[in-house]
Amino acid sequence: MRDLDQRYAPAPGERWAVVGHSFGALLAASWAAVAHQAGRGPALVVVSGAAAPWRHSTAALLDGTDDEIWDRVGALGGLPAQIRATPLGRRLVERALVGDVRASARYRPVGPAPVGCPVLAVRGADDPLVTDELTTAWSALTTAAFTFRVLPGGHFYRCGMEDLVPLLADVLSAPTLPATAERR
């Protein structure tokens, strides 16, 4: 994680945000904590479609044999039809997908690592993996503002990241980040 931070985090004083969905939310929160400790943390952390890992492992519900992982992630809408429809598509994606699920299922920090900035946590209203309670647990990352939003749809929302992008654009284009906690 320190290599990632040293290579990609902007210089101190530059405004930046880190966004992660599902397993990427674990990476986003970890990177933000490391960057914060190094004095160049982000202005905002966005965690989407994931439970706070010190409370619950979302990926543990998906873990199993390679076929089970493939089927479970596919049932959530996480595999485009073009990938699912061909043996080549599966060969190209399966190894990374299975590795991500298994690594994420085993990632259980003992508690939250402070990120030093506001946090926006987002979940799909019909997400079978992540409840409101598990999503709002991300508030423990910060003493700054915590914002919780629910978007339509399941784990990958109604239309995938197309649902999340307008929310991110609104938040990131605002002159200031949220100063108070809110739920919408």
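Only a predicted model underlies this, so the values are computations on that prediction, with no experimental measurement involved. (Residues numbered from 1 in each chain as written. Predicted model: local features only at pLDDT ≥ 70, side-chain atom pairs only at ≥ 80, totals over all residues. Heavy atoms only, no water.)

Visitor: Outline the confidence of the model for the protein chain, supporting the account with residue identities and numerical values.
Guide: Close inspection of predicted coordinates is inappropriate for parts of the model with low pLDDT. Confidence in the prediction of the protein chain, expressed as mean pLDDT, is 90, and 95% of residues score 70 or more. Across the protein chain, the secondary-structure element scoring lowest on mean pLDDT is strand β5 (residues 182–183), at 42, and the one scoring highest is helix α6 (residues 132–136), at 97. Overall, residues 179–184 carries pLDDT values under 50, and its contacts beyond four positions in sequence, including any with other chains, amount to 15 contacts. (pLDDT = per-residue confidence, 0-100. Helix = DSSP H or I, 4+ residues; strand = E, 2+ residues; numbered from the N terminus. Contact = heavy atoms within 4.5 Å.)

Visitor: Can you lay out unusual backbone geometry for me, pointing to particular residues and giving the numbers?
Guide: Backbone geometry follows two general trends: most residues other than glycine have a negative phi, and most peptide bonds adopt the trans configuration. The backbone phi angle of S22 is positive, close to 60°, even though this residue is not glycine. With respect to the helices and strands, S22 occurs in the loop between β1 (17–21) and α2 (23–37). By relative accessible area, S22 is classed as buried at 9%. Although it is not a glycine, Y157 sits at a positive phi angle of roughly 65°. On the secondary structure map, Y157 appears in the loop between β4 (146–151) and α7 (161–173). (Buried < 20%, exposed > 50% of the residue type's maximum accessible area, 1.4 Å probe, protein only.)

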